[in-house]
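Coordinates in review
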Amino acid sequence: MTGLAHQVEEWLLREALGQPSVRNVFETLCLRLAGIGIPIARARLNWPTLHPLFRAEMVRWDRGTGPAAVEYFHHQDQNSEAWQQSPLAFMLEAGIPILRRRLSGPGKVVDFPLLKDLAEKGLTDYIAFKTAFVEAELVADSRIAGIFVIWGTDRESGFTDEDIDVLQQIQQTFALVCKSIIQAQITGNIVETYLGQKAGRSVMNGKIRLGDGTTTRALVWYSDMRDSTRLTARLKSDDFLDLLNAYFECAARPAIEAGGEVLAFIGDAVLVIFPVNEKTDLSALAEKVVSAAQRSFAMRQETNERHRAAGKGEIAFGIGLHLGEVVFGNIGVPERLAFTVIGSTVTEVERIEKLTKRVGPNILATAEVAGLLPEVWRTIGIHSLAGIEDPMELFTPIACAQDGIAVAAQ
C-alpha cells in the first residue's frame, strides 16, 4: 500500500499549490484513503483559529452521509464539559501527539465519554494525530497551534498496523497543506475584522501602498454616541468600555445585518457604508437602511431598560444618512497606513449626525436618501451644517419622527 499512499501524498502536494478549501481537501482525502483500502467510517479535522467569534473550526466527514460539513466552536465553549472530557483535551494537556483506543474486542478501552458513544454506534477503532505548527502567534494558546486529525473505523478487526502506517505517513503532508490554507484564512480573518470586508479584500488584492484607492458611490451611515466625555469622566474604564461596546452593538449591528460594512470605529463614532452600483436596487436598499436605523433605536431602548435596572449608564446617539461618491484609500505614512473612506459625502454625513443633537429627530437624511423612498420621509427644512458652504434640506422618517423628538427632549 506504500505506493498507493505515495500517490495520495503527491495529490496533496498539488492541492497545496492551488487555492482549495480545507473542507474540500479533507473530504477528498477521506475518499481517496477509502479508495486505497483504508476502512475509514468517520473522520474529523480540528484546528484553532483567530476569529472574533470562533476559537476553533472542524470539518466532519462520515461515510455514506453526504458531503463533509464545517462546524464552528465559539469562544464561550472553551471550558465546556464536553471539551474538558474529550480525547483532544487530554492530548493537549498531556502533550502527546498520538492517541489510539480500541473500541471493541479484548483490547477495548473507552475511557472518554465520546469513545463510549462511538463504540455504541459500532465503531471499533479510534486514532487521533496532532501536528503542531511553529507559528504559535496565530492562535491565543500556542499549545494548540496546529491540527488534530481523527480517524475511526467500523471494521471488526479495527485498523491494521499497515493502515496506521499509511495514516501517519500522510499526516505530515496533509498538515503542510492545512497550514498553508489555514494561515491564509486566519490572515483574511484578521484583515477583515479590523478593516472590514471590502477594505480588507482591497488590501489583500494589493492596495497596500500610500495613496492606493478607488472612488465608488455609497450610502453612508454615520453614528456618534452622545455625552461620551461626561461618561468617560464619571465611569470606571471597564464600565465605560462595556457601555461603549453596548452602544456599538446598537449602532452597528442592524446596519451590518442590512448588508452594510463597518469601515471604521472612530472613537465613539461608527462609519458604515453600503456600496452601490448600476445593478443596485436603490429603493430596496433604502428600505433596508431605514428599517435598520429604526431597529438601532429599538435596541437602544431595550439596552437602556436593562441598564437602568442594573444601575448602569444609558446610551444616546444619532444617525446621519447620505448618498454620494466616496473614496476608499490608504492614508498615513508609507510604513503605517489606515485604509479609510474620505470625501465630501463623509464630511457632510458627519455634520448631519451632529445636527440630531439640536433639531430633535435622531435619524436625519439628505434629499439623495429621502428621494429613494419619498413616502417614508418628511422634511424638517433647510439647515446650515458646520463647515459646509451650502445649506442642505434634511429629512427624518415619518414613522419615528415623533418618537425621535420625544427622546431628544428627555
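Residues numbered from 1 in each chain as written. Predicted model: local features only at pLDDT ≥ 70, side-chain atom pairs only at ≥ 80, totals over all residues. Heavy atoms only, no water.

**Structural notes on the overall build of the protein chain**
Each helix and strand counted, the protein chain has 13 helices and 14 strands in total. Relative to its 410 residues, the protein chain shows a buried fraction of 47%. Long-range pairs, those at least 24 residues apart, make up 62% of the contacts in the protein chain with a sequence separation of at least 6. Carbon and sulfur atoms make up 52% of the accessible area of the protein chain, which totals about 20,600 Å². (Helix = DSSP H or I, 4+ residues; strand = E, 2+ residues; numbered from the N terminus. Buried < 20%, exposed > 50% of the residue type's maximum accessible area, 1.4 Å probe, protein only. Contact = heavy atoms within 4.5 Å. Areas by Shrake-Rupley, 256 points an atom, 1.4 Å probe, with all protein chains shown as cover.)

**Overview of unusual backbone geometry**
Of note in the backbone geometry, Asp227 takes a positive phi value of approximately 60° without being a glycine. Inspection of the secondary structure assignment puts Asp227 in the loop between strand 7 (213-225) and helix 8 (228-234). Judged by relative accessible area, which is 45%, Asp227 ranks as partly exposed.

**Here's the deal with the packing of aromatic side chains**
Going through the model one piece at a time under the given rule, you end up with six aromatic pairs. Ring geometry for Phe26 and Trp151: centres 5.8 Å apart, planes at 35°, overall tilted. Here Phe26 is found in helix 2 (residues 22-35), whereas its partner Trp151 is found in strand 6 (residues 146-153), with 125 residues between them in sequence. Its relative accessible area of 0% is what places Phe26 among the buried residues. According to the relative accessible area criterion, Trp151 is buried, its value standing at 2%. Seen from their ring centres, Phe90 and Phe112 are 5.6 Å apart, and the 55° between their planes marks the pair as tilted. Of this pair, Phe90 sits in helix 4 (residues 87-94) while Phe112 is found in the loop between strand 4 (98-102) and helix 5 (113-120), placing the two residues 22 residues apart along the sequence. Taking the relative accessible area as the measure of exposure, Phe90 reaches 38% and is therefore partly exposed. Taken together through their ring pairs, the aromatic side chains of Tyr247, Phe248, Phe297 and Phe317 make up a single cluster. Lying across the ring of Trp83, Arg55 places its NZ or CZ 5.4 Å from the centre. Directly above the aromatic system of Phe148 lies the positively charged group of Lys130, at a separation of 6.0 Å from the ring centroid. (Phe/Tyr/Trp six-rings, centres within 6.5 Å; stacked < 30°, edge-to-face > 60°. Lys NZ or Arg CZ within 6 Å of the ring centre and 35° of its normal.)

**What to know about helix 10 (residues 282-310)**
With 29 residues, helix 10 ought to run about 42 Å at 1.5 Å a step, and its terminal C-alpha atoms sit 42 Å apart, in line with that. One side-chain oxygen at the N-terminal end of helix 10 lies 3.3 Å from the backbone nitrogen of Ser283; it belongs to Asp281. With its phi angle positive at about 75°, Gly311 sits one or two positions after the end of helix 10. (Expected span 1.5 Å × (residues − 1). Polar contact = N/O pair within 3.5 Å; in protein donor to acceptor, adjacent residues only side chain to side chain.)

**A look at the sheet that holds strand 1 (residues 42-48)**
As summarised here, the arrangement of the six strands in space is 3-2-1-6-5-4, forming an open sheet in which the pairing is antiparallel. Either end of the sheet is taken by a strand with one partner, and the two such strands are strand 3 (69-74) and strand 4. Neighbour-to-neighbour, the strand axes of the sheet open up by a mean angle of 15°, direction not taken into account. Looking at chain direction, strand 1 and strand 2 (residues 54-62) are connected through seven bridges and run antiparallel. Its bridge partner lying in strand 2, Pro48 is registered against Ala56. Where helix 4 meets the sheet, its contacts fall on strand 1, strand 4, strand 5 (125-132) and strand 6, and the angle it forms with strand 5 comes to roughly 45°. Contacts from helix 5 reach strand 1, strand 4 and strand 5, with the element oriented near 140° to strand 5. (Pairing = 2+ DSSP bridges. Axes fitted to C-alpha atoms, helices over the stretch in contact; angles between N-to-C directions.)

**Observations regarding helix 2**
For an α-helix the count is 3.6 residues per turn, leaving residues at separations of three or four pointing the same way. Given a rise of 1.5 Å per residue, 14 residues ought to cover 20 Å, and the 20 Å separating the end C-alpha atoms of helix 2 matches this to within 8%. Looking only at helix 2, the buried set comprises Val22, Val25, Phe26, Glu27, Leu29, Cys30 and Leu33. Trailing helix 2 by a residue or two, Gly37 shows a phi angle of about 105°, which is positive.

**Some words on the pattern of salt bridges**
Across all of its chains, the model carries 16 salt bridges by this definition. Across the salt bridge formed by Glu27 and Arg23, the nearest N and O atoms sit 3.0 Å from each other. Placement of the pair is Glu27 and Arg23 together in helix 2, with a separation of four residues, close to one helical turn. Take Glu27: its relative accessible area is 16%, and that puts it in the buried class. (Salt bridge = Lys/Arg side-chain N within 4 Å of Asp/Glu carboxyl O.)

Geometric values such as these leave the question of function open.
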